[in-house]
Amino acid sequence: MERAPNTKMALSLGVAALVVTLDQLSKLWIRANSPRMELLPGFLDLVHVENYGSAFGLLANQTFLLITITIASLLIILLFLRYLSPATTLGIVSIGLILGGAVGNLIDRLRFGCVTDFIDFHLQNLFHWPAFNLADTAIVIGIFTFIYSLYRAEVFRKVYEHNHKTKG
């Protein structure tokens, strides 16, 4: 279903606003209560972790750089949404998830100099994933659903065919 540009922008920004709201409320609760709670013993815990880096703690203590990268990324996403907006509702929602997650973590960096993480996934003592938050979850889901929306729109096939026609 084709949507008007303003409707696309409104849907994407609405999803982003919902993500930011849920993310910030969850982090507020975590910071206020500093829980250490087993949700699913041996699998999933609720913790309070201050992440001074990006994903997996990369670029630790590079707050200014991470803020700069995030703001540049947000501008690119907004320009993309405005001028090259996805044609499908799934693509539009995906962009909203990514945008909301990026803004949620940016708010933390600007306010506290770090991102509040609290979802701690592990398999007993065999495997431990670094703690993450709702903003991170929205970004990952957004990226995968956006790639899926491109696949559904046959973008990859069209690029492949275009590349093979120009070479042959």
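Use the structure listed above.
Let us look at the structure shown here. (Residues numbered from 1 in each chain as written. Predicted model: local features only at pLDDT ≥ 70, side-chain atom pairs only at ≥ 80, totals over all residues. Heavy atoms only, no water.)

**Some thoughts on unusual backbone geometry**
Defined as follows: Secondary structure elements follow DSSP: runs of H or I no shorter than four residues count as helices, runs of E no shorter than two count as strands, and numbering proceeds from the N terminus.
Phi is positive for S34, which is not a glycine, with a value near 40 degrees. Here N61, not a glycine, exhibits a phi torsion of approximately 60 degrees, which is positive. Summarising the element assignment, N61 is placed in the loop between β2 (44-51) and α2 (63-83).

**Details of the nonpolar core**
What counts, and what does not: The nonpolar core is taken to be a set of buried Ala, Val, Leu, Ile, Met, Phe, Trp, Tyr and Cys residues, with the residues joined through side-chain atoms within 4.5 Å. Relative accessibility thresholds used throughout: buried, under 20% of the residue-type maximum; exposed, over 50%; partly exposed, between the two (1.4 Å probe, protein chains only). Only heavy atoms enter the contact rule, under which two residues are in contact if any of them lie within 4.5 Å.
If you look at the biggest cluster of nonpolar residues, it comprises eleven residues: A16, I67, L74, I77, L81, I95, I98, L99, A102, L106 and F146. Broken down by secondary-structure element, the contributors of at least two residues to this core are α2 and α3 (89-112). Ignoring sequence-local partners within four residues, the contact set of L81 consists of M9, S12, P86 and I95.

**Side note on the pairing of strand β1 (residues 37-40)**
Side-chain positions along a regular strand alternate between the two faces of the sheet. To keep it simple, the criterion reads: DSSP bridges decide pairing: two strands pair if at least two such bridges lie between them.
For β1 and β2, the ladder comprises three bridges, and the chain directions are antiparallel. Paired with E38 across the strands is D45, a residue of β2. Remark: three residues form the turn of the hairpin made by β1 and β2, two consecutive strands paired antiparallel; G42 in that turn has positive phi of roughly 80 degrees.

**Considerations on α2**
Applicable threshold: Residue count minus one, scaled by 1.5 Å, sets the expected span of a helix. Taking the helix axis as origin, the arc is that swept by the directions to the C-beta atoms.
Here α2 spans 30 Å end to end across 21 residues, near enough to the 30 Å set by a 1.5 Å rise per residue. Those residues of α2 not exposed but buried are L66, I67, T70, L74, I77 and L81. Mapping the buried residues of α2 onto a view down its axis gives an arc of 95 degrees, with all of them on the same face. Residues of α2 that are exposed and angled more than 90 degrees away from the buried face: F64, L75, I76 and Y83.

**Quick notes on helix α4 (residues 134-152)**
The condition is simple: Think of a polar contact as two N or O atoms within 3.5 Å of one another; within protein, one of them needs to be a possible hydrogen donor and the other a possible acceptor, and neighboring residues in sequence only count if both atoms come from side chains.
Between its terminal C-alpha atoms α4 stretches 26 Å, which fits the 27 Å expected from 19 residues at 1.5 Å a residue. Within α4, burial applies to A135, A138, G142, F146 and S149. Looking straight down α4, one finds that the buried residues subtend no more than 65 degrees of arc, so they occupy a single side. Exposed and oriented more than 90 degrees from the buried face of α4 are F144 and Y151. At the N-terminal boundary of α4, the capping side chain belongs to N133, with an oxygen 2.9 Å from the backbone nitrogen of A135. E154 occupies a position one or two residues after α4 and carries a positive phi of about 60 degrees.

**Comments concerning the sheet that holds β1**
If you walk across this open sheet you meet the four strands as β1-β2-β3-β4, and the pairing is antiparallel. Each edge of the open sheet carries a strand with a single partner, namely β1 and β4 (127-128). When strand β3 (residues 115-123) meets β4, the two strands line up antiparallel, connected through two bridges. By the bridge assignment for β4, L123 is matched with F127.

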